[in-house]
Amino acid sequence: MKKPKNTSYLMKNIFLVLLGNIIYATTVKLFLLPANLMSSGTTGIALVINHLTDFSIPLFIALFNIAALVVGLIFLGKKFFMTTILSSLLYPAFLEVLNKILPEDIFITDKTILNVLFSGIGLGLALGLVIRSGASTGGMDIPVLILNKYFKLPISIVLYVFDFCIILCQIFYHTAEDLLYGVLLLLLTSIVLDKTLLWGDTKTEVKIISNKSEEIKGEILSEVDRGVTLLYGEGGYSGKESQIVLTVVSNRELVKIEKLVRNIDPDCFMIVSSVREVWGKGFSIEKTYK
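Just so it is clear, the structure is predicted and the values come from calculations on it, not from any experiment. (Residues numbered from 1 in each chain as written. Predicted model: local features only at pLDDT ≥ 70, side-chain atom pairs only at ≥ 80, totals over all residues. Heavy atoms only, no water.)

Participant: How would you sum up the overall build of the protein? Please name residues and give values.
Facilitator: Broken down by element type, the protein carries ten helices and four strands. Secondary structure elements of the protein occur, N-terminal to C-terminal, as α-α-α-α-α-α-α-α-β-α-β-β-α-β. Taken over the C-alpha trace, the protein has a radius of gyration of 25 Å; the compact-globule value for 290 residues is 19 Å, which it surpasses by more than 25%. For the protein, the spread of C-alpha atoms along the three principal axes comes to 75 × 50 × 40 Å. Taking all 290 residues of the protein together, 40% fall into the buried category. Counting only contacts in the protein whose residues sit at least 6 apart along the sequence, the fraction spanning at least 24 positions is 73%. When the accessible surface of the protein is totalled, it reaches about 17500 Å², and 64% of it is carbon and sulfur. For the protein, the distance from the average site of its 27 positive side-chain charges to the average site of its 25 negative ones is 8 Å. (Helix = DSSP H or I, 4+ residues; strand = E, 2+ residues; numbered from the N terminus. Rg over C-alpha atoms; globule rule 2.2 N^0.38 Å. Buried < 20%, exposed > 50% of the residue type's maximum accessible area, 1.4 Å probe, protein only. Contact = heavy atoms within 4.5 Å. Areas by Shrake-Rupley, 256 points an atom, 1.4 Å probe, with all protein chains shown as cover. Lys, Arg positive; Asp, Glu negative; His and termini not counted. Charge placed at Lys NZ, Arg CZ, Asp CG, Glu CD.)

So, in structure tokens, the structure goes:
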């Protein structure tokens, strides 16, 4: 029997796709285009075509994304097509709406570095929200994914090569300084994208090696209300068997864990490390109490 679809989860993802594309289009309209910045991806190709032929940027992006979607449907399958179509069409649509309702010569700041900073933040945040929803932004993502599927080429490397080539195509009507701004924009976008993907998901893993593992386990369960797993190990030098207490807590709970453990066993061996994402009861699934 198939599980019923989680309507709230689906609506949340649709909202993230909508919000991500609104932020993307707004960033392009308010910061990237007015400052005549270099850009990568489909927008970068559209800028080159617009410079050469004066062809509409939103219309080119829409046509390019539709063509890429068809190619993706052929080579990547129906599932990929369905998760990508919404985002691929929303961005050019929102950009065209902004072109209609906002002045063509809108200019928030004439400081190039500010436009680069806010473009990088906006684009990275927008892409991160869309990817967190489980969707793809389409466009230049699709040829990259095809190359990965059939030739096993690394996605990140191919994507950077494509983006750098697209930026280089704009150098013939930009200065060398503009190229530096373009590279800086690409780096900022990547950094903010990575931070957005990990936003709110990072937790702290704690491993405790102690002769008082049972007491420590009980205190963590009762005082911190976090799950505990006991791992069994053996001292490399002493050869003695020992229990390792493993728990995952929020960053705020780490201080409480450290105080609690030190009070029980000041001589214990504790390993603290950051984990990127945690799934399970108490984190991605609500706790159940007996």
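Participant: Give me the lowdown on helix α3 (residues 57–76), citing residues and values where you can.
Facilitator: Helix length check: α3, at 20 residues, gives a terminal C-alpha distance of 27 Å against a target of 28 Å (1.5 Å per residue), a fit within 8%. As for α3, its buried residues are in contact with α2 (41–53), α4 (78–101) and α6 (141–151). Two or three places before L59, at the start of α3, stands the capping residue S56, its side-chain oxygen 3.4 Å from that residue's backbone nitrogen. (Expected span 1.5 Å × (residues − 1). Polar contact = N/O pair within 3.5 Å; in protein donor to acceptor, adjacent residues only side chain to side chain.)

Participant: Mind laying out the pairing of strand β2 (residues 229–234), listing which residues take part and the relevant values?
Facilitator: Sheet analysis places β2 next to strand β3 (residues 241–249), joined by six bridges and oriented antiparallel. Opposite E234, over in β3, you have E241 as the bridge partner. Taking the residues between adjacent antiparallel strands as the criterion, β2 and β3 are bridged by six residues, where G239 takes a positive phi near 75 degrees. (Pairing = 2+ DSSP bridges.)

Participant: So what's going on with the pairing of strand β1 (residues 203–209)? Which residues, and what values?
Facilitator: Across the seven residues of β1, five count as buried, placing the element largely inside the fold. When β1 meets β3, the two strands line up antiparallel, connected through six bridges. The residue of β3 that forms the bridge with I208 is V245.

Participant: Run through the nonpolar core, naming residues and quoting values.
Facilitator: Among the nonpolar cores identified, the biggest contains 26 residues, and Y24, Y91 and L95 are the most heavily contacted of them. Looking at this core, the elements with two or more residues in it are α1 (7–32), α2, α3, α4, α5 (112–132) and α8 (176–198). Per-element tally for this core: the top contributor is α1, with six residues. Once you skip the residues sitting within four places of it in the chain, Y91 turns out to touch N21, Y24, A25, V28, T43 and I61. Among the nonpolar cores identified, the runner-up in size contains 14 residues, and I220, V261, I264 and M270 belong to it. (Core = buried A, V, L, I, M, F, W, Y, C linked by side-chain atoms within 4.5 Å.)

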